[in-house]
Amino acid sequence: MRLFDLRLIIAFLFGLYGVVLVVIGFGFTTEEDLKKAEGVNINLWAGVAMVVLAVVFAAWATLRPQFADTDKEPLKEL
Amino acid sequence: MSILAEADLRLDAGPIDYALLLVYFVVVLGIGVMARRSVSSSLDFLLSGRSLPAWVTGLAFISANLGALELMGMTANGAQYGLATVHYYWIGAIPAMVFLGLVMMPFYYGSKVRSVPEFMRRRFGKPAHLVNAISFAVAQILIAGINLFALAVIIDALLGWPLPVSICVAALVVLAYTTLGGLSAAIYNEVLQFFVIVAALAPLTIIGLIKVGGWQGLVEKVTDKENLSAWPATELTGIDHPVWSVIGLVFGLGFVLSFGYWTTNFAEVQRAMSAKSMSAAKRTPIIGAYPKALIPAIIIIPGIIAAVIVPEMAQLKAGDTSSGVVYNNVLPLLMRDLLPNGILGIAITGLLASFMAGVAANVSSFNTVFTYDLWQDYVKKDRPDEYYLRIGRLATVGACVLAIGTAFIAAALGGSNIMDYIQALFSFFNAPLFATFILGMFWKRMTPTAGWVGLLAGTFTAIFIYVISEPSFGIELLELPGQGASFLGAGLAFVVDIVVSFGVSLVTRPKPDSELGGLVYSLTPKEDRAHSTTGEDAGWYRSPALLGGGVLALTTVLYFIFG
């Protein structure tokens, strides 16, 4: 049983989401958007948080590569 | 249809929101394709080869429960009952999750059974097994259909796709990744979904809190001040007397209902069974308990906020139903009012992901019970493993097709009522099941006959209480609005099951001790219940007992602060 590392998928998805949101937050935020979110540039901040999450998971996966147990004894029929 | 009623909930989703949603679906299907390569036996497919680390199974454990019912229902409860809703988490989940990890998991994982019904078969034999396996399989298909229906309703409301199209598209996506990757794909997506849900709800809560002027502002603006204290929760329980209300909460919700649900529902326990070691299996529900204790902050608080800042919700709270909005609409309304494009796409993704993971959890636990407990035990025995792997895949297809069917039935019968009935039905089985399990695990004298007789007696008791307290049956001997009736029903079902099982055991013949090793406390050597403390299981921070004590302490502290 060889499973791929879930941490890298989390890092990929949130890295992508984070970057997109940061770009929206910096470049494409209208007054109306700001008003809706009580003056908070929520896309920017949420984007930054997601990039941080992605970096944490990527670092974890790099530093401790062992993820799932690779060779387990198959269970016998009970 | 009452989940989303007639109110206009269409969100102003732009191209970027759709793009973010699309990315998620691509990743989900990609997980299915990648997980397929790791599947070479039925156990890989149905139990992830028992190879997953505890943090993965732990997050999946709570995510499997974080579906449509939970998200819509608990935000709605937040708006309607306020802080009392925390009881569903702090009393209604945490103690049971710790108990499952520390007390029951040694038997589930240690006996190497592949499902909860299989434990039933080895402890009590076939009659009890068959009752449990069939009722579980049927309930999962019904609930999968209802989850699918709720998912389709939200797609319809948010994005404007017609109901039948959304039902089929959603079912196809779930089918695709669960048939390809089996439980691993389902669990991976549950973990992913957990983070997306947090990413969706946290900004909503933060902006909402800023809008009402922080926690202090919220406390001042809430009109119904009873919504700000968790005790004695008389509105929630429907029991007027405060002392009885608290007793109902602690014993009904906290003990019988929640222990029944969390410790015997295979859709949950399956996540722990797929962990890579006894230590990881014990830690699974306990690790899940930490986010479970904290998540009310981003589920219940938005509900309370919505009752203050969403105009339609405030009207409803004041008794004016003219806007057509119902409490279940809290999340879409808040998203509409607070989130700009971009983060709105993440929030829509989070909602859909959560609903979809709910369906996947139903389907992936159904196919295991169907394959191992029904097909292998009663239809075709002793075939090579590839055969059962194929059956597992076919069962997944069958489950999705049946769920589409039950989704249309739910649509025809009209949404949220049927959801309540199914939940009630399911609770008929859970409370007695817990009684039977707990007695069977700790009393070796309990006999196979007592196993199924006790179960039936308990279930009939719960049904009886339900019938005499449900107004729509017209024989309302007990007047208990709110949750009171189900607390009482579950409590009595538990007691009746214990008493009947005890009585029947005294006059029937028990199984010989030699057949009960690993299944009963007194006949399982201590070392078989213990977990390893070396290698991947080493370190004080991986001690299940310490982690369990930690989360109980955390919950107690939270009760002191917010209770």
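Predicted model, so just to flag it, every value in this text is computed and none were measured. (Residues numbered from 1 in each chain as written. Chains lettered and ligands numbered in written order. Predicted model: local features only at pLDDT ≥ 70, side-chain atom pairs only at ≥ 80, totals over all residues. Heavy atoms only, no water.)

Per the secondary structure count, chain B includes 24 helices and 0 strands. Taking 563 residues into account, the globule formula puts the C-alpha radius of gyration at 24 Å, and chain B, at 23 Å, falls close to it. Its C-alpha atoms put chain B at 65 × 55 × 50 Å along the principal axes. Sequence separation of at least 24 residues holds for 83% of the intrachain contacts in chain B that already meet a minimum separation of 6. Surface exposure of chain B reaches about 19300 Å², of which carbon and sulfur atoms provide 68%. Here chain B contributes 32 positively and 34 negatively charged side chains, and the mean placements of these two sets differ by 13 Å. (Helix = DSSP H or I, 4+ residues; strand = E, 2+ residues; numbered from the N terminus. Rg over C-alpha atoms; globule rule 2.2 N^0.38 Å. Contact = heavy atoms within 4.5 Å. Areas by Shrake-Rupley, 256 points an atom, 1.4 Å probe, with all protein chains shown as cover. Lys, Arg positive; Asp, Glu negative; His and termini not counted. Charge placed at Lys NZ, Arg CZ, Asp CG, Glu CD.)

Attention now goes to the overall build of chain A. Looking only at helices and strands, one finds 3 helices and 0 strands in chain A. Ordered by position from the N terminus, the helices and strands of chain A form the series α-α-α. Looking at chain A residue by residue over its 78 residues, the buried ones come to 42%. Taking the intrachain contacts of chain A between residues at least 6 apart in sequence as the baseline, contacts between residues at least 24 apart amount to 75%. Accessible surface, chain A: about 4600 Å² in total, of which carbon and sulfur atoms supply 66%. (Buried < 20%, exposed > 50% of the residue type's maximum accessible area, 1.4 Å probe, protein only.)

Let us now look at unusual backbone geometry. Positive phi outside glycine occurs at lysine 112 of chain B, with the angle close to 60°. Tracing the backbone shows lysine 112 of chain B in the loop between helix H6 (94-110) and helix H7 (116-124).

Across the boundary between the two partners, chain A contributes 37 residues, which contact 53 residues of chain B. In total, chain A and chain B occlude about 3900 Å² of area from one another, counting both sides; carbon and sulfur atoms represent 73% of this. Summed over the shared surface of chain A and chain B, the number is 0 salt bridges. Between the two partners, chain A and chain B, sit 3 residue pairs in polar contact (both at pLDDT 80 or more). Looking at the side of chain A that touches chain B, the elements with two or more residues in it are helix H1 (6-27), helix H2 (31-36) and helix H3 (42-63) of chain A. When the residues that make up the side of chain A that touches chain B are grouped by side-chain class, the tally is 26 nonpolar, 2 polar and 9 charged. (Buried area = accessible area lost by both parts, 1.4 Å probe. Salt bridge = Lys/Arg side-chain N within 4 Å of Asp/Glu carboxyl O. Polar contact = N/O pair within 3.5 Å; in protein donor to acceptor, adjacent residues only side chain to side chain. Nonpolar A, V, L, I, M, F, W, Y, C, P; charged D, E, K, R; others polar.)

Here we take up helix H8 (residues 126-159) of chain B. All names here are of chain B. End to end, H8 covers 48 Å across 34 residues, agreeing with the expected 50 Å (1.5 Å per residue, within 8%). Along H8, 26 of the 34 residues are buried, which leaves the element largely enclosed by surrounding structure. In the stretch just after H8, glycine 160 is the one whose phi turns positive, near 85°. (Expected span 1.5 Å × (residues − 1).)

Before going further, it helps to spend a moment on the pattern of salt bridges. In total, this model carries 9 salt bridges over all chains according to the counting rule given. The salt bridge partner of arginine 7 of chain A is aspartate 5 of chain A, with a shortest N-O separation of 2.7 Å. Accessibility assignment for this pair places arginine 7 of chain A and aspartate 5 of chain A in one class, buried. For aspartate 377 of chain B, the salt bridge goes to arginine 121 of chain B, with nearest N and O atoms at 2.7 Å. Placement of the pair is aspartate 377 of chain B in helix H18 (residues 343-379) and arginine 121 of chain B in helix H7, with a sequence separation of 256 residues.

Residues and elements named next belong to chain B. Tracing the chain through its elements places isoleucine 301 in helix H15 (residues 296-309). According to the relative accessible area criterion, isoleucine 301 is buried, its value standing at 14%. Distance in space between the C-alpha atoms of isoleucine 301 and serine 115 is 36 Å, their sequence separation being 186 residues. Among all residues touching isoleucine 301, those that are not within four sequence positions of it are Thr205, Leu209, Trp215, Leu218 and Pro296.

Under the UniProt annotation, the feature "transmembrane region" (unreviewed entry) is placed at residues 7-30 and 42-63 of chain A. Within the segment residues 42-63 of chain A, helix and strand shares are 100% and 0% respectively, and the terminal C-alpha atoms sit 31 Å apart. (UniProt positions renumbered as here; feature names shortened; annotations may be inferred.)

Our next topic: a nonpolar patch on the surface. Together, Trp231, Val243, Trp244, Ile247, Val250, Phe251 and Phe255 of chain B make up an exposed nonpolar region whose accessible area comes to about 650 Å². Relative to the assigned elements, valine 250 of chain B resides in helix H12 (residues 242-264). (Patch = residues over 30% accessible without salt bridge, like charges linked within 9 Å, V, L, I, M, F, W, Y side chains within 5 Å.)

In this section: the nonpolar core. Residues and elements named next belong to chain B. By size, the foremost hydrophobic cluster in this structure holds 201 residues, and its most contacted members are Tyr108 and Ile348. Considering each element in turn, this core owes the most residues, 24 residues, to helix H9 (residues 163-212). Setting aside its immediate chain neighbours within four residues, tyrosine 108 contacts Leu100, Val113, Val116, Phe119, Thr263, Thr264, Val269, Met273, Phe437 and Met441. (Core = buried A, V, L, I, M, F, W, Y, C linked by side-chain atoms within 4.5 Å.)

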